[in-house]
Amino acid sequence: MSLRTLPLVFINLGGEMLYILDQRLRAHNTSEDKSEKGVWSESDRRRVLNDIVGTMFSKSFMDELLKPQQLYSHRTMKTVLTRLAHTSIMRLNPASMDRLYELMIMAFKYQVFLCPRPKDLLLISYNHIDTIREFVRDTPVVMNQVDETHRNIIEVYSSLSEGQFQLLRQTLLIFFQDMHIRVSLFLKNQIQNPSGRFVLTTSGPVPYGADVPGLIRTFDLRGREVSRSEFPPGGTYSSLVREGSFDLNGDRVLRLGRNLYRVEHPEETQTSRTPSVQVTGPQLQIQTS
């Protein structure tokens, strides 16, 4: 098991949590019929996000998190994230927190499944950090905390070998195993089947630096190419033109880890354990402290 997995799990799950909370708080800005203001104002939403991000990226907490250590269990991880969510004026009841955690887990699991290379787990994390930075762009103090954490992440993970990233990915897959919770957004987009398992396509871009499958080359003992033959690869593949940026800022190229949720579709952030394809589980119940 990789001792460097915990910080990435926390940052990615925390990012997904912020995406969902931001969506729900925006949805609560007006009443259901849009005729009057809702329970939560725009200033409330910003305050909640600032409070959570400020606690999440505090120096003392991140210094402790970045120490080599075993990955938390799901029970411990949910407890930590619950306390994090409740550092603001917002409160979630236990049922809502369970739903929220399930959404976070399944979103990150899907991103890990689609990750082209183990090293690209960093790009997924950086996409989360980039979006979190946008949430708090009007609060320089909190933005500086995010930037400082990002620099520390770059320093810690830039020296890892390909083998260490592969071990990190395997640790994540063990963490996600047996988690097959159905999410309406994924079901609607047909990237998850009724059993809760993801549908992975056999087409798309190959990892950066890899060749498109379909060609067999034969070499002699001197390393000279002597023949070529082609075979049907079973899908349509393309090569990536450039690699995503692993710096503090830049084009990540990889889209995994960006905010998938939209305010106009709040019903899509629901989960269900029932055999029905139509998901009608309870929405997140958000209350003031």
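Residues numbered from 1 in each chain as written. Predicted model: local features only at pLDDT ≥ 70, side-chain atom pairs only at ≥ 80, totals over all residues. Heavy atoms only, no water.

**Q** So, the overall build of the protein chain: which residues are in play, and what are the values?
**A** In terms of helices and strands, the protein chain carries nine helices and eight strands. By residue count, 46% of the 289 residues in the protein chain fall in the buried class. Element-wise, carbon and sulfur atoms account for 51% of the exposed surface of the protein chain, whose accessible area totals about 15,000 Å². (Helix = DSSP H or I, 4+ residues; strand = E, 2+ residues; numbered from the N terminus. Buried < 20%, exposed > 50% of the residue type's maximum accessible area, 1.4 Å probe, protein only. Areas by Shrake-Rupley, 256 points an atom, 1.4 Å probe, with all protein chains shown as cover.)

**Q** So what's going on with helix 2 (residues 42-56)? Residues and values would help.
**A** Taking 1.5 Å per residue, 15 residues should reach 21 Å; helix 2 reaches 21 Å between its end C-alpha atoms and fits that length. For helix 2, the set of buried residues is Arg 45, Val 48, Leu 49, Asn 50, Ile 52, Val 53, Gly 54 and Met 56. (Expected span 1.5 Å × (residues − 1).)

**Q** Give me the pattern of salt bridges: which residues, what numbers.
**A** Counted by the stated rule, this structure contains 20 salt bridges. We note a salt bridge from Arg 117 to Glu 243, for which the minimum N-O separation is 2.8 Å. Taken as a pair, Arg 117 in the loop between helix 5 (94-114) and helix 6 (121-135) and Glu 243 in the loop between strand 6 (237-238) and strand 7 (271-272) lie far apart in primary sequence, 126 residues in all. Residue classification places Glu 243 among the partly exposed positions, given a relative accessible area of 32%. Linked by salt bridges that have partners in common, Asp 22, Arg 26, Glu 42, Arg 45, Arg 46 and Asp 138 make up one network. (Salt bridge = Lys/Arg side-chain N within 4 Å of Asp/Glu carboxyl O.)

**Q** Quick rundown of the packing of aromatic side chains? Include the residues and the values.
**A** As enumerated under the stated definition, the model contains eight aromatic pairs in all. Seen from their ring centres, Tyr 110 and Phe 186 are 5.6 Å apart, and the 40° between their planes marks the pair as tilted. Taken together, the residues Tyr 110 in helix 5 and Phe 186 in helix 9 (residues 184-188) connect sequence positions 76 residues apart. Given a relative accessible area of 13%, Tyr 110 falls into the buried group. The exposure class of Phe 186 is buried, given its relative accessible area of 2%. Three or more aromatic residues joined by ring pairs form one cluster here, namely Tyr 110, Phe 113, Phe 186 and Phe 198. When the ring centre of Phe 246 is taken as reference, the NZ or CZ atom of Lys 119 above it lies at 4.7 Å. (Phe/Tyr/Trp six-rings, centres within 6.5 Å; stacked < 30°, edge-to-face > 60°. Lys NZ or Arg CZ within 6 Å of the ring centre and 35° of its normal.)

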